[in-house]
Amino acid sequence: MKTISNRLLSNCHYIFFSIYFLIGFSIYKDYGFNIDETFQRRSGLYWLEYLSNFFGLEKISLIANEKLVLSSSFTEPWSDVYGIIFDVPAAIIEIIFSLNEPIQMYEMRHFLTFCYFYVGIIFFYKTLLNRFNNKFLSLAGCFLLIITPRIFGDSFQNNKDLVFLTFFIISTFFIFKTFENFNIKNIILLAIFSSIATSTRLFGLIFPFTFLFIYFLSILSNKGDFKIINKILIYIFFYILFLILHWPYLWINPLEKFLYLLSNLQTFGPTLIYFNDEFYNTELVPFHYLPLWVFISTPIINFSLFLIGFFLLAKVYILKLFSIEKSKSNYDLWNNNNEKKDFFILITFVILSVIGVFFATKHYNSWRIFYFLNCFFIYFSIYFLSLFFIYPKLKKYINILVVVLSVTSLFNIYKIYIYHPYQSLYFNELLSNKFKNKFEIDFTGLSGIKFLREVVMNDKSNKIKIGINSWYPLWRMKELLPEIDQKRIVFVYDDIKNADYVYSNKIYNVNVKLSDKFSLDDSFKLYKQHFIDGILIYEVHRKMK
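Worth saying up front: this structure is predicted, and the values here are computed from it rather than measured.

The next point concerns the pairing of strand β5 (residues 501-504). Alternating positions in β5 separate into two faces, Y501 and Y503 on one and V502 and S504 on the other, with burial throughout. In terms of strand pairing, β5 meets strand β7 (residues 535-543) through four bridges, oriented antiparallel. If you follow Y503 over to β7, its bridge partner there is V540.

So this is what it looks like as structure tokens:
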């Protein structure tokens, strides 16, 4: 019996990841379709055609071009500046498996998004194991990240921010490996994955910055470290090389285009958001925008453990700074590789948080652009939990700790269940229902396809006229319905009073407190409101006859 128990413990990570994959595989078709997916698909087809022409793959180029032309009415607007690490592989899979129905294409993309994140979770486990050398803590960290409701939901349909989170984690793993062994293999792998992270989201620039910063601190404390300058230059060279090689956007005038992209970040996305019962220009949000979103949409257990771990780790380095002896020329902020890894996590988190709070050019759609901060939250949490395995005075409380974590985790799982498939819209239990509805909820329009499927199922009319009473391109979702139902739906754009149903996910491009642009006359009566956990996801008005 003891042998069987030991085998289960030694193979628990295989069991954990097998169960997680089976869960993901069984539910990936449940999720709504967000508006970003449409032009991301077009971006993949565009770059696949470009690459096929470049390498002389005429057959693939012709197929990609044909799909690109057919997608034009379904996927506007779009931009060619995004990296290709997800969208081009998705386009290739679409062609290889002859996925010609939109519903097939997007369900495939959802499964692929999950697969990317699944790989990211494996690397997160390897990263935590590398630092803490404890399978239980490493799996606990992965589990806490997976059952973070917004991360769980987005891991099936957010193929930008969650893909970036994946490559952020992988890059962090190779930073750790490089700290341990500063060899060419680890340097090149770090250059590859940090460049991919950068093309996915420009926040990936933090890796070369912090890598060079930590090396600079090493030189200050140990002049002998200057001898590895050649390896630092190798990293910079391969980082730039791989950034250009895998990002076709930079193939012509790379420096000019990259600088243009940096200087025009504010041109992407919406211009108005609803935040804490007020409307703001996305470039003029209050400084507490990011902290408040983190506070209200992160599970309490995650947030509590993070705060404790962060302050404990920050305290270590603050005390180190104050204890520096001016006469001691070889003083170092870390005594071993583990402390160097902790310092990297701490300084990177602080820099990115300051950027997010005070210098981000634009905020919108909750804080999903900063969802990658969740890997820091979990790291700090595990740092705190690891102390229970180190200090004898704390070891006696491990059983209590396990019980607390188990109960709170079950509560998070329950929230994932009741929000399904809208975990992306989760708010924690500290908020009243009234307060939850003072924020943008369904900006990416996950509920659109649910409404369309319900209306064609419940209304047997030959023609169903639908109006949209919010700033949301619901018509993009029409292609995801069976052809017979597509023919029944007619969207009313200019004269909404002639619609049979009016859908609204409460997302506006004007201040509705000052404008009547989205007001309805008395001929429409409230037909349905869809609530989850007190949150209004969308509402439907129906024309009275």
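A few words now on a nonpolar patch on the surface. Residues F287, V350, V354, F358 and F359 make up a contiguous nonpolar surface patch of roughly 520 Å² in combined accessible area. Within the secondary structure, V350 sits in helix α16 (residues 337-359).

Within the secondary structure layout, S386 lies in helix α17 (residues 373-386). With near-sequence residues (within four places) excluded, S386 lies in contact with F132 and L137.

The subject of this paragraph is the environment of I188. Looking at the secondary structure, you find I188 in helix α10 (residues 184-200). Placed 48 residues apart in sequence, I188 and I236 show a C-alpha to C-alpha distance of 9.7 Å.

Proteins that are soluble and globular tend to have nonpolar side chains buried together. Within the largest apolar cluster, 169 residues are counted, with the highest numbers of intra-cluster contacts made by F372, L373, F376, F451 and L474. Ranked by residues supplied to this core, first place goes to helix α6 (residues 102-132) with 14 residues. The residues contacting F376, other than those within four sequence positions of it, are F168, I345, T348, F349 and L352. L272, F279, Y508 and F518 belong to the second-largest nonpolar core, a separate cluster that totals five residues.

Attention now goes to helix α4 (residues 58-71). Given a rise of 1.5 Å per residue, 14 residues ought to cover 20 Å, and the 20 Å separating the end C-alpha atoms of α4 matches this to within 8%. Within α4, the full set of buried residues consists of S61, A64, K67, L68 and S71. Looking down the long axis of α4, one finds its buried residues gathered within 135 degrees of arc, a one-sided arrangement. In α4, the exposed positions that point more than 90 degrees away from the buried face belong to E58, K59, L62, E66, V69 and L70. On its buried face, α4 sits against α3 (35-54), α5 (87-96) and α6.

Residue placement: A360 occurs in the loop between α16 and α17. Note on A360: relative accessible area 26%, which makes it partly exposed. For the pair A360 and L290, spaced 70 residues apart in sequence, the C-alpha separation works out to 9.9 Å. The contact partners of A360, leaving out residues within four places of it in the chain, are I355 and F370.

Where helix α15 (residues 300-322) meets α17, the axes come as close as 7 Å, and the angle between the chain directions of the two elements is 75 degrees. The angle between α15 and α17 falls in the class roughly perpendicular. Each of N302, L305, F306, I308, G309, F310, L312, L313 and V316 in α15 lies in contact with α17, whose residues at this interface are F377, I378, F380, S381, Y383, F384 and L385.

Right, let's get into empty space enclosed by the protein. In this approach the atoms are scanned with a rolling probe the size of a water molecule, which exposes any empty space left behind. Overall, the coordinates contain three cavities of 30 Å³ or more when judged by the stated rule. Its boundaries defined by the atoms lining it, the largest cavity holds a volume of some 200 Å³. For the largest cavity, the lining is made up of 21 residues, of which D154, N365, R368, S424 and T444 are closest to its centre. Its residues placed into classes, the lining of the largest cavity shows six nonpolar, eight polar and seven charged.

Interhelical geometry of α16 versus α17 gives an angle of 140 degrees and a closest axis separation of 11 Å. Accordingly, the angle class assigned to the pair α16 and α17 is oblique. The crossing of α16 and α17 is left-handed. Each of K341, D342, I345, L346, T348, F349 and L352 in α16 lies in contact with α17, whose residues at this interface are L373, F376, F377, Y379, F380 and Y383.

Overall, the coordinates contain 18 salt bridges when judged by the stated rule. Across the pair R368 and D36 runs a salt bridge whose closest N-O atoms are separated by 2.6 Å. In this pair, R368 is assigned in the loop between α16 and α17 and D36 in helix α3, connecting sequence segments 332 residues apart. One exposure class covers both R368 and D36, and it is buried. The shortest N-O distance in the salt bridge between R41 and E94 comes to 2.8 Å. Linking R41 in helix α3 with E94 in helix α5, this pair joins segments that are 53 residues apart in sequence. Pair check on accessibility: R41 and E94 agree, each one buried. Through salt bridges that share partners, D36, K160, D161, R201 and R368 make up one connected network.

A few words now on the side chain of T178. Residue placement: T178 occurs in helix α9 (residues 161-180). The exposure class of T178 is buried, given its relative accessible area of 1%. A polar atom in the side chain of T178 sits 2.6 Å from the backbone oxygen of F174. Beyond its immediate chain neighbours, meaning those up to four positions away, T178 contacts N186, I187, L190 and F211.

For the rest of this paragraph, the subject is the packing of aromatic side chains. Here a ring pair, both rings aromatic, is described through the centre-centre distance and the interplanar angle of the planes. On inspection of all chains with the given rule, the structure shows 91 aromatic pairs. Here Y274 and F279 contribute two aromatic rings whose centre-to-centre distance is 4.9 Å and whose plane-to-plane angle is 40 degrees, an arrangement assigned as tilted. Residues Y274 and F279 agree in their burial class; the two are buried. Their ring planes at 45 degrees and their centres at 5.6 Å tell us that F349 and F376 sit as a pair that is tilted. Of this pair, F349 sits in helix α16 while F376 sits in helix α17, and the two are 27 residues apart along the sequence. The residue whose ring lies beneath R150 is F427, and the NZ or CZ to ring-centre distance is 5.2 Å. The cationic tip of K257 hangs over the ring face of Y249; the distance from NZ or CZ to the ring centre is 5.2 Å.

Strand order in the open sheet formed by five strands is β4-β3-β5-β7-β6, and the pairing between neighbours is mixed. Every other strand in the sheet has two partners, leaving β4 (489-492) and β6 (524-532) as the edge strands with one partner each. Each neighbouring strand pair of the sheet contributes to a mean axis angle of 25 degrees, computed without reference to strand direction.

Analysis parameters
Residues numbered from 1 in each chain as written. Predicted model: local features only at pLDDT ≥ 70, side-chain atom pairs only at ≥ 80, totals over all residues. Heavy atoms only, no water. Buried < 20%, exposed > 50% of the residue type's maximum accessible area, 1.4 Å probe, protein only. Helix = DSSP H or I, 4+ residues; strand = E, 2+ residues; numbered from the N terminus. Pairing = 2+ DSSP bridges. Patch = residues over 30% accessible without salt bridge, like charges linked within 9 Å, V, L, I, M, F, W, Y side chains within 5 Å. Areas by Shrake-Rupley, 256 points an atom, 1.4 Å probe, with all protein chains shown as cover. Salt bridge = Lys/Arg side-chain N within 4 Å of Asp/Glu carboxyl O. Contact = heavy atoms within 4.5 Å. Core = buried A, V, L, I, M, F, W, Y, C linked by side-chain atoms within 4.5 Å. Expected span 1.5 Å × (residues − 1). Arc of directions from axis to C-beta. Axes fitted to C-alpha atoms, helices over the stretch in contact; angles between N-to-C directions. Parallel < 35°, antiparallel > 145°, perpendicular 65-115°, else oblique. 1 Å grid on protein atoms, 1.4 Å probe; cavity = no way out; pocket = protein on both sides within 12 Å on 5 of 7 lines; lining within 4 Å. Points joined across faces, edges and corners; volume = space filled by probe spheres on them. Nonpolar A, V, L, I, M, F, W, Y, C, P; charged D, E, K, R; others polar. Left-handed = near helix turned anticlockwise from the far one by under 90°. Polar contact = N/O pair within 3.5 Å; in protein donor to acceptor, adjacent residues only side chain to side chain. Phe/Tyr/Trp six-rings, centres within 6.5 Å; stacked < 30°, edge-to-face > 60°. Lys NZ or Arg CZ within 6 Å of the ring centre and 35° of its normal.

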